Each structure stands twice: as structure tokens, then as C-alpha cells.
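Take a look at the letters that make up each chain.
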Amino acid sequence: MIDLRIVRSDPEAVRASQLARGEDPSLVDRLLTADAQRRAAVASADELRAEQKSFGRTVGRASPEERPALLARGKELAGLVKQAEAREVSAEQELRGAHLAVPNVIEGAPPGGEQDFVVLEEIGTPPTFDFTPRDHLELGELLGAIDMERGAKVSGARFYFLRGVGAQLQFALLNLAMQTAIGNGFVPMVPPVLVKPESMEGTGFLGAHADEIYRLEADDLYLVGTSEVPLAAYHSGEIIDLAGGPARYVGWSSCFRREAGSYGKDTRGIIRVHQFDKVEMFSYCRPEDAEAEHLRLREFEQQMLAAIEVPYRVIDVAAGDLGSSAARKYDCEAWVPSQQAYRELTSTSNCTTFQARRLGVRYRGEDGKPQTAATLNGTLATTRWLVAILENHQQADGSVRVPEALRPGLGGREVLEPIR
RNA sequence: GGAAGCGUGCCAGAGCGGCCGAAUGGGACACACUGCUAAUGUGUUGUGCUCGUCAAGGGCACCGAGGGUUCAAAUCCCUCCGCUUCCGCCA
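- If you look chain A up in an unreviewed UniProt entry, it shows as Serine--tRNA ligase from Nakamurella leprariae.

This is the structure in C-alpha cells:
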């Protein structure tokens, strides 16, 4: 939820943000109207409650004989208060609806849609092969590392087994990510992957992406699509201490996505799957520190990408392609030889105070007063990274060179060899 | 899964249907006193919404959450959530 004070004091800025996102600027006016109406409803209900309260006291002080005469007026007041409160509730609902309809105000994101990203950096050079490169699935099968067929047999399409060096490679990668984060002061976390509706809702994932999410109806729980959800909800409703700088967490979890509406897209291999593992960074900080923290998260992502030695580029995602919570988002996309294209490996979003406001995460400012915190998140490694590692480091015989940083996690192996 | 109990402010812990935003103790903070520390004294010690110049200062709400009864509820009733204990079952 955006800050209503900004809507009141500078509605034009919010309208401009809406336009940059390609969304309806008139939602801002609906919000302003709803805000004014709610305040009027609160004022009149407060007034009636005050009257009822003081009248109630006189009833309490009255003698038993005069009390019955007063009860009629008391009943009347109770009825009026009830009506006023009903108006208050409906005004609040209208406001909430209008409030939730407005996404975060962008901060520096380029205007436009999905294609309007700006490339900030290109690191490394796409490899050239003097043989026909294999795609990651072919390599994975040669190495005995990825088994899609049995994944489908056991669980259906878009499921897979990582086995042998595939499983080990993922452990090596995710462990390296955890170590990198821990070394930079992040608190390691293994969060729950099933969460309550309010946690899902609070983090903003039940809006436009509701059909992306697995729901366990019998228990009214949701499977998270990223550990951002439990990590963001971790401090919900709390006033946290940010005096010593940002509170940083790094979560390792499985992530679950229904991939509804992506039929036929990336059906081969492990690029787009229903379940994968991810190491995710999450920061809570003061709003004034958020932009710098965002760049720091990006830096950590780039350190990881450097460690796996693949070419990649950094893009500044366009306003229209941001999630509703994000004010700005940077993606790192690795080169995938079999597709001759860059594919997203990391994504870091600055949600400013948008997400924390809904979750009720605050900190104490200089004056000791509670203020809404800012939240940020960023990817440090995922199962998809295996695609880039396998394809970029493949050799003519189907073997794959192991980037140095991952060797310790693979028992020192320098090359993964085909198993037959 | 069954049974019982509990859920109050930073913590501990009272609380009769009206005089409770809430006793008391501890902690923390400020000031005073003290050569320093300690001790002592006095004061402060929540959050949200709202009116007001995001002032001074008002008003309303909040005692796990949500409903209900009542002129009036922390206090009575219902539902849910969480915690504890016991029984059963089982990785």
C-alpha cells in the first residue's frame, strides 16, 4: 500500500507513476475521494461514540429510580452509533479497495512495458563453440544430472529429479550463495514454505498473481513461490530495531509455482518448473537507506554470477513490468547458448515502504516515533542457474567444466563427465 | 484426534459489567542529589485513527483475533488463532 500522505500532498506524482506503468491514473482520484469519505465517516462516528460514552456514565451515576427514564435515550444513542459504525466500516472497505488498487510509486524505473528495459551493464562475452553446443537438458541427461522423464512420471509435467552430480551441483551452488550472504552479514534462515493467507496477502502475492500460487484448500494454507513471502512476513506487526543498520536475512527454500498461463513456454528442461530451490536475500531498512541497499543486493548477486563464470547483463526493468510492490527492479540475465538469448537468473526489487506498510513492519526513527520500514529482496541462486552453468561450460564431448568456486562443493571435481 | 487450563502494557503480574488505557513490582529513559560507579528522590514510560499549521492541545479506538449480549464489556456469551499440560496416534 502506498503512503496516503503522499497521495494527499502530491497526487500528481502518483498519477505520473501510474502513467509510466501504463496503469489508470484515475485510480488516484478514486483513492482521494475514498480517503476523504472515510475521514468524514470516522469523524461523525467518533462524535457519536463520545456522546454515548459520556451519556453512559450519567446512567451509571443515576439513582435506580431515574435510571429507567434514561435508558430510552441510551438505546437511541446505541442505535445511532451502530449506524455510524456501519458507515465507517463501509467507507473503510471502499478505501482499502481503492488503496490496494494502486501499485507502488516508481522510483527511477524507465517508463514503458516489458520490452522497454534499459541495459545497464554487459559482463563477459558469450562463448563460441567449435562444435554444436548441447542444451542443458541434453547435457544433464548425459551427466546423469537431470531426469525429466521420471519427474513427469512421478509428479507430472514441469517436475524433475536432480540426481547425482546434478543434485551435488545444486547443493554446491546454493551453499556458496548461503556462505556469500552469511559472510556479508545476512542471518541464514530456513523458512516455512506453507503460509497462512494473511502472510501471502500481506506480501502482495494474492493480487494479480493469485492463480500462480498453489493453495491447500483443506488447510487454508499456501505454498510459497519464493521465500520472500515468509521472510517479509517474519517481522509483520513488529517494531524492529534498525539502529545498527539494515536487518538482513537470507532464506533457503523450495519454491512452488503453478505456471498457469505459460502453457507451451519453456517446456523443455528446468528453465520453468513447478518446484525449484532458491537462496533469497531479504532486507529491512530505513526508507532513506533503501536505494543504497538495493544496489548492494545487486552487487551481491553480481558476485555470485561472477563466481559461476557465465556472461550476463544487468537490466533496469521498465515500470510496466514491475510487480505492484516494487518501486524499482534490476534483473541479471545470463547468456543461454542453446537459446542465443539472455535469461533471467536474478531479480532484486526495492519495495520501499509499500510492502512493509501492509505487513505493519516499523522501526523507531530518531525521534523515537515508529515509522514504516522499507523492504528489499533479491535472488542469490536458483535451480535455473544450473542451466547457465551447464551450457556455458560445456565441452565437445558433453563434459562440463566446473567453475572454481563450485569445486569444493563437488568434492574438488574440475570436470563433470558423461556417465555413459 | 480427545480432555483441561491459559492468552492484559518492554517484562512480571492485579483487575468488582460503569469511577480501567488499565493497580503494583521490575526494567528503560530524563532530571535532581552524590567526587566517580552504586544507591536515593522526582518525573516520564504504548499504538493506531482523527481534528488541529504532520504545533500546542482535543476526540475516538485498542487488554490474542473476530463476532454477540448490554444504555455501558479487559470483565458475560460464541467462533477462531496461539501457548501449556494430560491421554491417544505416528514420522
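More follows now that the structure is in view.
### Points about helix α10 (residues 290-307)
So, point 1. In this model α10 runs 26 Å from its N-terminal to its C-terminal C-alpha over 18 residues, within 8% of the 26 Å that 1.5 Å per residue would give.
So, point 2. Here α10 has its buried residues at Ala290, Glu293, His294, Leu297, Arg298, Phe300, Glu301, Gln302, Met304, Leu305 and Ala307.
So, point 3. Two residues or fewer past α10, glutamate 309 is found with a positive phi of approximately 55°.

### Regarding the sheet that holds strand β12 (residues 328-336)
So, point 1. Read from one edge to the other, the open sheet built from 8 strands follows the order β1-β11-β12-β13-β16-β10-β9-β4, with strand pairing classed as mixed. Of all strands in the sheet, those with a lone pairing partner are β1 (118-123) and β4 (187-189), marking the two edges. On average, each strand axis in the sheet is tilted by 25° relative to the strand beside it, whichever way the strands run.
So, point 2. The sheet contact formed by strand β11 (residues 312-316) and β12 spans 5 bridges and is antiparallel. For arginine 313, the partnering residue across the bridge sits in β12 and is glutamate 333.
So, point 3. Strands β4, β9 (247-256), β10 (275-285) and β16 (374-382) of the sheet are contacted by helix α7 (residues 165-183), whose axis makes an angle of about 145° with β16.
So, point 4. Seen against the sheet, helix α12 (residues 385-392) touches β12, β13 (341-350) and β16 and runs at an angle of roughly 35° to β12.

### Side note on the environment of alanine 334
So, point 1. Along the chain, the position of alanine 334 falls in strand β12.
So, point 2. Each C-alpha atom of the pair alanine 334 and alanine 157 lies 25 Å from the other, and the pair is 177 residues apart in sequence.

### Quick look at the domain arrangement of chain A
So, point 1. Domain boundaries in chain A define domain 1 (4-100) and domain 2 (114-416).
So, point 2. Domain 1 and domain 2 are separated by 43 Å when their C-alpha centres are compared.

### Considerations on the layout of surface pockets
So, point 1. Within this model, the second largest pocket holds a volume of roughly 250 Å³.
So, point 2. Around the second largest pocket sit 15 residues that line it, and Ile6, Asn104, Glu107, Thr352 and Thr353 are the ones nearest its centre.
So, point 3. Tallied by class, the residues present in the lining of the second largest pocket amount to 6 nonpolar, 4 polar and 5 charged.

### Some thoughts on α12
So, point 1. With 8 of 8 residues buried, α12 lies mostly within the body of the structure.
So, point 2. By the burial criterion, the buried members of α12 are Trp385, Leu386, Val387, Ala388, Ile389, Leu390, Glu391 and Asn392.

### A closer look at the sheet that holds strand β7 (residues 221-223)
So, point 1. Strands sit in the order β5-β7-β6 across an open sheet of 3 strands; the sheet is antiparallel. Of all the strands in the sheet, just β5 (194-195) and β6 (215-216) have a single pairing partner and so form its edges.
So, point 2. By the bridge criterion, 2 bridges tie β5 to β7 in an arrangement that is antiparallel. Of the residues in β7, the one forming a bridge with valine 195 is tyrosine 222.

### Topic: unusual backbone geometry
Note: most peptide bonds trans; most residues except glycine with negative phi.
So, point 1. With a phi close to 50°, aspartate 266 is a non-glycine residue in the positive phi region.
So, point 2. Tracing the chain through its elements places aspartate 266 in the loop between β9 and β10.
So, point 3. A positive phi angle is found at threonine 352, which is not glycine, with a value near 40°.
So, point 4. The residue threonine 352 is located in the loop between β13 and α11 (354-359) in this model.

### Topic: the protein's contact with RNA strand B
So, point 1. In the neighbourhood of RNA strand B, 22 residues make up the surrounding shell, with Arg38, Arg49, Lys53, Lys75 and Arg362 lying closest.
So, point 2. Counting only the atoms of RNA strand B within 4 Å of the protein, the fraction contributed by sugar and phosphate is 69%.
So, point 3. Interatomic distance of 2.9 Å between a backbone N/O atom of glycine 56 and a base nitrogen of RNA strand B.
So, point 4. Interatomic distance of 2.7 Å between a side-chain N/O atom of arginine 362 and a phosphate oxygen of RNA strand B.

### Some points on the pattern of salt bridges
So, point 1. This structure, assessed with the given rule, holds 30 salt bridges.
So, point 2. The salt bridge partner of arginine 73 is glutamate 51, with a shortest N-O separation of 2.7 Å. Of this pair, arginine 73 sits in helix α4 (residues 67-100) while glutamate 51 sits in helix α3 (residues 26-61); the two residues are 22 residues apart in sequence, bridging distant segments of the chain.
So, point 3. Between aspartate 266 and arginine 272 there is a salt bridge, with the nearest N and O atoms lying 3.1 Å from each other. Each member of the pair, aspartate 266 together with arginine 272, is buried.

### Topic: the packing of aromatic side chains
So, point 1. Throughout the structure, instances matching the rule amount to 6 aromatic pairs.
So, point 2. Taken together, a centroid distance of 5.6 Å and an interplanar angle of 80° make the contact between phenylalanine 186 and phenylalanine 300 edge-to-face. Of the two residues, phenylalanine 186 sits in the loop between α7 and β4 while phenylalanine 300 sits in helix α10, which places them 114 residues apart along the sequence.
So, point 3. For phenylalanine 186, a relative accessible area of 3% gives the class buried.
So, point 4. On the accessibility criterion, phenylalanine 300 (8% relative accessible area) is buried.
So, point 5. Through successive ring pairs, a cluster of aromatic residues spans Tyr234, Tyr249, Phe282 and Tyr284.

What counts as what
- Residues numbered from 1 in each chain as written.
- Chains lettered and ligands numbered in written order.
- Predicted model: local features only at pLDDT ≥ 70, side-chain atom pairs only at ≥ 80, totals over all residues.
- Heavy atoms only, no water.
- Helix = DSSP H or I, 4+ residues; strand = E, 2+ residues; numbered from the N terminus.
- Expected span 1.5 Å × (residues − 1).
- Buried < 20%, exposed > 50% of the residue type's maximum accessible area, 1.4 Å probe, protein only.
- Pairing = 2+ DSSP bridges.
- Axes fitted to C-alpha atoms, helices over the stretch in contact; angles between N-to-C directions.
- Contact = heavy atoms within 4.5 Å.
- Domains from an automatic or database assignment.
- 1 Å grid on protein atoms, 1.4 Å probe; cavity = no way out; pocket = protein on both sides within 12 Å on 5 of 7 lines; lining within 4 Å.
- Points joined across faces, edges and corners; volume = space filled by probe spheres on them.
- Nonpolar A, V, L, I, M, F, W, Y, C, P; charged D, E, K, R; others polar.
- Near = heavy atom within 4 Å.
- Polar contact = N/O pair within 3.5 Å; in protein donor to acceptor, adjacent residues only side chain to side chain.
- Salt bridge = Lys/Arg side-chain N within 4 Å of Asp/Glu carboxyl O.
- Phe/Tyr/Trp six-rings, centres within 6.5 Å; stacked < 30°, edge-to-face > 60°.

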